[in-house]
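Summary of the model geometry
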Amino acid sequence: MDYEPLTTYFSNEEVFFTREDIAESYLGWRMFFDRAANFIGLGIGVVRISESGKHYLALAKISFPCTNNMVEYEACIFGIRTVVDMNIKELLVIGDSDLLIHQVQDEWTTKNVKIILYLYCVKELCKKFTKIEFKYIPRIQNEFDDALAALSSMI
């Protein structure tokens, strides 16, 4: 994957969830992922949240042509890889891509050759965890990560 890492200067104290708080249903590490596309380019954003509530942000700009679904997978894979690099073994992955979440959970299938390769990559990364779950949330509840992804697409 061809990523361009971006430096961010967001203070953890200013990060708040204004919608459903999923902390009650999962006490371990959580990862939100999202993508953004505009006339300038494609960007992906990831917010990793520790058990203690500390936020770790990661952004990247995609510099190759992708469909919307491919960029969602790029964001998810990017985020999971960063969590693997942190040696975290249990994770809840949260995203607003209904398609990706249901495909990873084997509830939906795909015949798209490009998406099958992404799905295989996610499943291989999942083997690096002792416990990994995926949860779909509506886009309105993924606002912070959506803003990060939009920011990364503009740089």
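Please refer to the structure higher up on the page.
None of these values were measured; they are calculated from a predicted model.

1. Quick notes on the overall build of the protein chain
The secondary structure content of the protein chain amounts to 4 helices and 6 strands. Mapped in sequence order, the helices and strands of the protein chain form the string β-β-β-β-α-β-α-α-β-α. The buried share of the protein chain, reckoned over its 155 residues, is 46%. Within the structure as shown, the protein chain displays about 8,200 Å² of accessible surface, and the carbon and sulfur contribution to it stands at 55%.

2. Digging into the state of the cysteines
Considering all chains together, one arrives at 0 disulfides under this definition. Looking at the unpaired Cys76, the closest cysteine sulfur is the one in Cys126, lying at 7.5 Å.

3. Overview of unusual backbone geometry
Backbone geometry places Asn87, a non-glycine residue, at a positive phi of 60 degrees. Inspection of the secondary structure assignment puts Asn87 in the loop between α1 (68–85) and β5 (90–95). A positive phi angle is found at Asp106, which is not glycine, with a value near 60 degrees. A residue is classified by how much of its surface remains accessible, and Asp106, at 58% relative accessible area, is exposed.

4. Digging into the side chain of Arg48
Inspection of the secondary structure assignment puts Arg48 in strand β3 (residues 42–49). Buried charge without a partner: Arg48 forms no salt bridge, and the closest opposite charge is Asp85, 7.6 Å away. A distance of 3.4 Å separates the side chain of Arg48 from the backbone oxygen of Leu57, its partner in a polar contact. A polar side-chain atom of Arg48 sits 3.3 Å from a polar atom in the side chain of Thr82. When neighbours within four sequence positions are excluded, Arg48 is seen to be in contact with Trp29, Arg30, Met31, Lys54, His55, Tyr56, Leu57, Ala58, Thr82, Val83 and Met86.

5. Some details on the pairing of strand β2 (residues 29–37)
With 8 of its 9 residues buried, β2 lies for the most part within the structure. As defined by bridge partners, β2 adjoins β5 across 5 bridges and the pair is classed as parallel. Looking at the pairing, Arg30 lines up with Leu92 of β5. Judged from the 8 bridges that link them, β2 and β3 form a sheet pairing that is antiparallel. Pairing of Ala37 across the sheet is with Leu42, part of β3.

Rules and cut-offs
- Residues numbered from 1 in each chain as written.
- Predicted model: local features only at pLDDT ≥ 70, side-chain atom pairs only at ≥ 80, totals over all residues.
- Heavy atoms only, no water.
- Helix = DSSP H or I, 4+ residues; strand = E, 2+ residues; numbered from the N terminus.
- Buried < 20%, exposed > 50% of the residue type's maximum accessible area, 1.4 Å probe, protein only.
- Areas by Shrake-Rupley, 256 points an atom, 1.4 Å probe, with all protein chains shown as cover.
- Disulfide = S-S within 2.5 Å.
- Lys, Arg positive; Asp, Glu negative; His and termini not counted.
- Salt bridge = Lys/Arg side-chain N within 4 Å of Asp/Glu carboxyl O.
- Polar contact = N/O pair within 3.5 Å; in protein donor to acceptor, adjacent residues only side chain to side chain.
- Contact = heavy atoms within 4.5 Å.
- Pairing = 2+ DSSP bridges.

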